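Tertiary structure, described
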Amino acid sequence: MKYALLSDIHSNLHALDACLAHAQTQGVARIALLGDLVSYGAFPAEVVARCQKLQQDGAIVLRGNHEELIQTHNINTANPNPSLGSQTAEWTHDQLSPAQRFWLEILPLTAQVDHMLLVHASADAPERWRYVEDERTAALSLDAACTHPDVRYVFGGHVHHQSLYYRGTGRQLMAFKPTSGVPIPTPKHRQWIATIGSVGQPRDGNPRAMYAVFDSTAAKLTFHRVAYDHRAAARAVREAGLPEFFAQRLETGK
């Protein structure tokens, strides 16, 4: 079965639709959304509605830290120096219906399917939103996930970059630099952990959307970059009155 793995959509409807359309051309049978559906972008309600429909059609949908951040009890409007995420949390909260906010709040933190452990951040403590950004943190996540005997792959997001690590004959993890569109053999006799990048807010200097396709039958992982109308997405951020920084980030991919 081929799975489309998408994360960190961040209310970017233009990027989400582009990635879903691209995934259709890859023969994907099931979709997994690994959290951070909202914040930063101009279309939170539309993105949530799209994701709810995908879930109804069989998609796996997980909760990310921004699903938690936009809940009423986590919004701190009195903070004089809000974090980047907090700058859009109240606005995003107000765009969503109570039913949509409740749906986001009860999404699971992890899912296990077809030798995969899916998580937004790190599998060793999903609720603490740790970044998997080097060999050490990747090893912590992989070790925790592989306490489940059937798990050979860990796929997550959160860091807005695409990366892949595998464990060879020893305990040390080896990094593998992915190339967009090139399938990577990921045989089941090894253990693998990947961050699949961000659909809606890339941060590597390339504005193209990120996602990945995992073929569980062929044991191959393919990272993708998808062009979309990022200028229109940035324009929508400005028209919504959101901070200029978030529009510029879409335009530059930084």
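Presented here is an overview of the structure given in this document.

Conventions we followed
- Residues numbered from 1 in each chain as written.
- Predicted model: local features only at pLDDT ≥ 70, side-chain atom pairs only at ≥ 80, totals over all residues.
- Heavy atoms only, no water.
- Core = buried A, V, L, I, M, F, W, Y, C linked by side-chain atoms within 4.5 Å.
- Buried < 20%, exposed > 50% of the residue type's maximum accessible area, 1.4 Å probe, protein only.
- Helix = DSSP H or I, 4+ residues; strand = E, 2+ residues; numbered from the N terminus.
- Contact = heavy atoms within 4.5 Å.
- Axes fitted to C-alpha atoms, helices over the stretch in contact; angles between N-to-C directions.
- Parallel < 35°, antiparallel > 145°, perpendicular 65-115°, else oblique.
- Left-handed = near helix turned anticlockwise from the far one by under 90°.
- Nonpolar A, V, L, I, M, F, W, Y, C, P; charged D, E, K, R; others polar.
- Pairing = 2+ DSSP bridges.

A word on the nonpolar core
Counting 43 residues, the largest nonpolar core has Leu-6, Leu-33, Leu-37, Leu-104 and Tyr-211 as the members making the most contacts within it. Elements with a contribution of two residues or more to this core: β1 (2–6), α1 (13–25), β2 (30–33), α2 (44–56), α5 (98–105), β11 (209–215), α7 (230–239) and α8 (244–252). Here the element with the most residues in this core is α1; it accounts for seven residues. The residues contacting Leu-104, other than those within four sequence positions of it, are Leu-37, Val-38, Val-48, Arg-63, Glu-67, Ile-70, Gln-71 and Leu-96. Membership of the second largest hydrophobic core comes to 22 residues, among which are Leu-5, Ala-32, Leu-34 and Leu-62.

Topic: the side chain of Ser-39
Here Ser-39 is to be found in the loop between β2 and α2. Assessed through its relative accessible area of 0%, Ser-39 is described here as buried.

Some points on the packing of α2 against α5
Interhelical geometry of α2 versus α5 gives an angle of 60° and a closest axis separation of 11 Å. Viewed along their axes, α2 and α5 adopt a mutual orientation that is oblique. Note on packing geometry: the crossing formed by α2 with α5 is left-handed. Contacts between α2 and α5 involve Ala-45, Val-48, Ala-49, Cys-51, Gln-52 and Gln-55 on the former and, on the latter, Gln-100, Trp-103 and Leu-104. Each residue belonging to the contact of α2 with α5 can be placed in one class, and the counts come to six nonpolar, three polar and no charged.

Details of the sheet that holds strand β6 (residues 153–156)
Taking strand neighbours across the sheet as the criterion, the six strands line up as β4-β5-β6-β10-β7-β8 in an open arrangement whose pairing is mixed. Whereas interior strands pair on both sides, the edge strands pair on one side only; in this sheet they are β4 (110–113) and β8 (173–176). On average, adjacent strands in this sheet sit at an angle of 20° to one another, irrespective of strand direction. Bridge analysis of β6 against strand β10 (residues 191–196) gives four bridges, and the strand direction is parallel. Paired with Tyr-153 across the strands is Trp-192, a residue of β10.

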